[in-house]
Structures are given as structure tokens and as C-alpha cells.
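Take a look at the letters that make up each chain.
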Amino acid sequence: MKYPFVSIIIPVRAINDYIRESVPKHLALDHPNFEIIILPDKYEGGAGFENDVRIIPTHPKTGPADKRDIGAKAAKGNILAFIDDDAYPRRDWLKNAAPYFEEEKIAGVCGPGVTPPGDNMFKKVSGWVSASLLGGGNVTHRFLPKEKREVDDYPSMNLLIRKKDYDAVGGYDSHYWPGEDTKLCLDLTHRLGKKIVYDPEVLVYHHRRDIFVPHLRQNGRYGQHRGYFAKALPETSLRLAYFVPSLFTLFLFLTPVVALVVKVLQLSTIYLLLSTVYYLLNAIYLLLLLATAVWVYKHERDWRIALLTIPAIIITHVWYGIKFIQGLLSDELAR
């Protein structure tokens, strides 16, 4: 087996506790040829691992996409391994990803970002919202190991790309953030006609945002940008699954208003039908929430986490749905 030289690229605002946690994990990787490139806004020394990594200061206004592009230009490897600053790899991360790049048609490899077992309760709730079928929908494989598959859209928290393919499409487009990875994957799969393979064994551990405010702030950004992408990048974003939270939100809040108008107009048959459908679908939704909580409990054995997942999913659906509509109706990408 060939061992390609891999450049691990980590954009970060400043050297933080997550980076201090992850660097030893990277250095212990079961792969003989790699380098680690960390790109903080600025660097004045004192990290303690300067001899083991390349630290390239950028600028306080440099965004994650631009930092990744800077890292890619400085990279010595023919494989670029992108990972977030709040993530760290399992020891066999590169070992499991490397064989795929022997096939020229494969431009990228990705895998799940699993919530670390040591995360606090509020981060774990955030992780289970995304990992559950009810909360995460068609992207649960990003948060839990699922069956191997081809994908055409994947986040940069765990994404490895052949450097020559990365260069061929011009790297990340910093205009799209968050979502620069969606654009990059679209270019690789649709413009170059190459493949991105998801393998559950190409695994990293990815810390979550606390429930509720940090989690909602992040998911709101994702929703708003995905709404805009439904128009700007329809090849991979104009999909029913991304519209579901918005449809649910509209149904949840507008149906009672419509029912009230119908009642005032004394259209009793229509009012009865609307009321029945509204209560029935909400009852089904509640049962699905309870089933999800039981599923979470089976994994965590902690009822606090399981029960907190219920309101967390509801609020995430509503907020993501609202922000998706905002993005869908906007004429330009929000920054």
C-alpha cells in the first residue's frame, strides 16, 4: 500500500484548548507521512508544540475558507485533510482514508464527526439532535457512523481532498460561508465529474455547541445559507429534506390562524378537517419525539440528555425553518 503525504489543515481564530487537545491526537496518527498546518489569526508563540506543527498566522479578518486556501497553498502534501479546530481524529483516520486516493476518479473522502464521550450534557444534547433521524434527517451520517456511500455535499470538519483536484476547481469560495464546503463539493462532483466517498471508518470526534443559544446560532446560520443555496446551488441544495423544517414551522403556526378564520366564517366542515389534521400530525410528531428520546437514552443511559433532546429538536426545527425561509427570500448571501 502507498502512503501519500497528507497535509492536515486546521483554521482557527487563536490557539485554544481544543487545539491543545487535538495536536497530540494528530501526532499519534497511524500514518507515516503527514504534516499539520494550523492557521490562527495571529501567533506570538507559547503554544508548546511549535516544533511539531507549522503555524501560519493569517489576519483577524481572514475567514475559515480563506484560511483553508492559505493552508492549501502552503501544503507539501498531495492530499489535503481538512478538519475543524474543535475536532480531533481517531488514530486510524488517515490510514483508513488513504487507500481511496489510489483511484483517480475519487477526489475526496469523508467520514463522521462523532460527539466526544467526554463532552458535557448540553453538548451531547446538541449532538443527538443532529444524529437522530428526526433531528438530522438525511444527514445523520455526518454525526454517527453509517453505511459507506457516495456523497456530493459534506462539511469541512472531516474532509480529505486530492490537492490537484482542489486546485483544479480553485479551492474554497470564501463568498459562501458557512457553506464554502457545499460549493467545493459541488465543483468536485459536478464540474470535475469525480467522486467523494463517505466511509464510517474515516472518523473524527467533533465537539458540539452547547444547547441552546450557541447551538441555535450555528444551526440558524446553516438554515439561512441552505435556503439561499436552494436558489444559488440547486444541484445539491434544492432537495425536499431541506424544506421540511420550514414546512413544519409554517404548518405549526399558520394552521391555527387559518382555522380561526375558517371558524369565524362558520365553515364548520373545513374547520373540523383542519383541526383534526393539525392535532393528528402534532400527535404523531410528539410520538416521534418520545421515540427519539428513548433511542437517545439507549445510547447515553441518561434521562436528562434524552429528555432535553425533545425541546432541543422542536426549537431547532422551528429556528432552522425560519432562517431557511429568510435565506430563500434573500437576494444575496448573508454574512
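Structure's up top.
The structure contained in this document is the topic of the report that follows. (Residues numbered from 1 in each chain as written. Predicted model: local features only at pLDDT ≥ 70, side-chain atom pairs only at ≥ 80, totals over all residues. Heavy atoms only, no water.)

1. What to know about the overall build of the protein
The test is simple: Only DSSP runs of H or I with at least four residues qualify as helices, and only runs of E with at least two residues qualify as strands; both kinds are numbered from the N terminus onward. Exposure classes here rest on a 1.4 Å probe applied to the protein chains alone. A residue is buried below 20% of its type maximum, exposed above 50%, and partly exposed in between. Working definition of accessibility: Shrake-Rupley area with a 1.4 Å probe, residue cover restricted to the visible protein chains. Positive charge is attributed to Lys and Arg, negative charge to Asp and Glu, and no charge count is given to His or to the chain ends. To locate a charge, take NZ of a lysine, CZ of an arginine, CG of an aspartate or CD of a glutamate.
The number of helices and strands found in the protein is 12 helices and 11 strands. Considering only C-alpha atoms, the protein reaches an extent of 75 × 45 × 40 Å along its principal axes. Here the protein holds 335 residues, and 53% of them are scored as buried. As displayed, the protein offers around 16000 Å² of accessible surface, 60% of which is attributable to carbon and sulfur atoms. In the protein, 41 side chains carry a positive charge and 36 a negative one; their mean positions are 3 Å apart.

2. Structural notes on the sheet that holds strand β11 (residues 204–206)
Neighbouring strands of a sheet are bound in pairs by backbone hydrogen bonds; such pairs are parallel or else antiparallel. Cut-off, in case you're wondering: Here the rule is simple: two strands pair whenever DSSP picks up at least two bridges between them.
The strand order β5-β11-β7 describes an open sheet built from three strands, whose pairing is mixed. The sheet is open, and its two borders are formed by β5 (87–89) and β7 (113–114), each paired with just one other strand. Sheet topology places β7 next to β11; two bridges connect them, and they run parallel. Within the sheet, the bridge partner assigned to V114 lies in β11 and is Y205.

3. Describing the packing of aromatic side chains
The cut-off we apply is this: Stacked, tilted and edge-to-face are the three classes applied to pairs of Phe, Tyr and Trp rings, where Trp contributes its six-membered ring and a pair requires centres within 6.5 Å; stacked means planes under 30 degrees apart, edge-to-face means over 60, and tilted covers the rest.
In total, this model carries 12 aromatic pairs according to the counting rule given. Here Y88 and Y205 contribute two aromatic rings whose centre-to-centre distance is 5.3 Å and whose plane-to-plane angle is 25°, an arrangement assigned as stacked. Linking Y88 in strand β5 with Y205 in strand β11, this pair joins segments that are 117 residues apart in sequence. Note on F251 and Y278: the rings are 5.3 Å apart at their centroids and 40° apart in plane angle, and the pair reads as tilted. In this pair, F251 is assigned in helix α10 (residues 240–264) and Y278 in helix α11 (residues 268–300), connecting sequence segments 27 residues apart. Given the relative accessible area of 21%, F251 is considered partly exposed.

4. Observations concerning the pattern of salt bridges
Applicable threshold: By definition, a salt bridge exists where a carboxyl oxygen of Asp or Glu is found within 4 Å of a side-chain nitrogen of Lys or Arg.
Evaluated as defined, the whole model comprises 24 salt bridges. Across the salt bridge formed by K95 and D30, the nearest N and O atoms sit 3.4 Å from each other. With K95 in helix α3 (residues 93–97) and D30 in the loop between α1 (17–27) and β2 (34–39), the pair connects residues that are 65 residues apart, well separated along the chain. Given a relative accessible area of 39%, K95 falls into the partly exposed group. Judged by its relative accessible area of 28%, D30 is partly exposed. E147 is the partner of R149 in a salt bridge, and the nearest nitrogen-oxygen pair spans 2.8 Å. Overall, the relative accessible area of 25% leaves R149 in the partly exposed class.

5. A short note on the nonpolar core
Heads up, the rule is: The definition of a nonpolar core used throughout is a set of buried Ala, Val, Leu, Ile, Met, Phe, Trp, Tyr and Cys residues joined through side-chain atoms within 4.5 Å. Working rule for contacts: check all heavy atoms of both residues, and any pair within 4.5 Å makes them a contact.
If you look at the biggest cluster of nonpolar residues, it comprises 54 residues, and the most contacted ones within it are I8, I38, F49, W93, L94 and L160. Apart from the residues within four sequence positions on either side, L160 is in contact with I79, L80, A81, W93, L94, A97, F101, A107, G108, V109 and V202. Grouped together as the second largest cluster of nonpolar side chains are 25 residues, V125, A131, L289 and F324 included.

6. Details of unusual backbone geometry
Of note, the amide linkage connecting I211 to F212 takes the cis form, showing an omega dihedral of 10°. With respect to the helices, strands and loops of the structure, F212 is situated in the loop between β11 and α8 (213–232). Within the chain, R301 stands out as a residue other than glycine whose phi angle is a positive 55°. Tracing the backbone shows R301 in the loop between α11 and α12 (303–329).

7. Thoughts on the pairing of strand β1 (residues 6–11)
Rule in force here: Classification remark: right-handed applies to a crossover when, strands pointing away from the viewer, the course from the first strand over the helix to the second runs clockwise.
Where burial is concerned, most of β1 is hidden: six out of the six residues are buried. Of the two faces of β1, both are covered, the one formed by V6, I8 and I10 as well as the one formed by S7, I9 and P11. When β1 meets β2, the two strands line up parallel, connected through six bridges. Along β2, the bridge assignment pairs I8 with I36. Following the backbone out of β1, through α1 and into the adjacent parallel β2, one traces a crossover that is right-handed. The pairing of β1 with strand β4 (residues 79–83) spans four bridges and is classified as parallel. Note that in β4 the partner of I8 across the bridge is A81.

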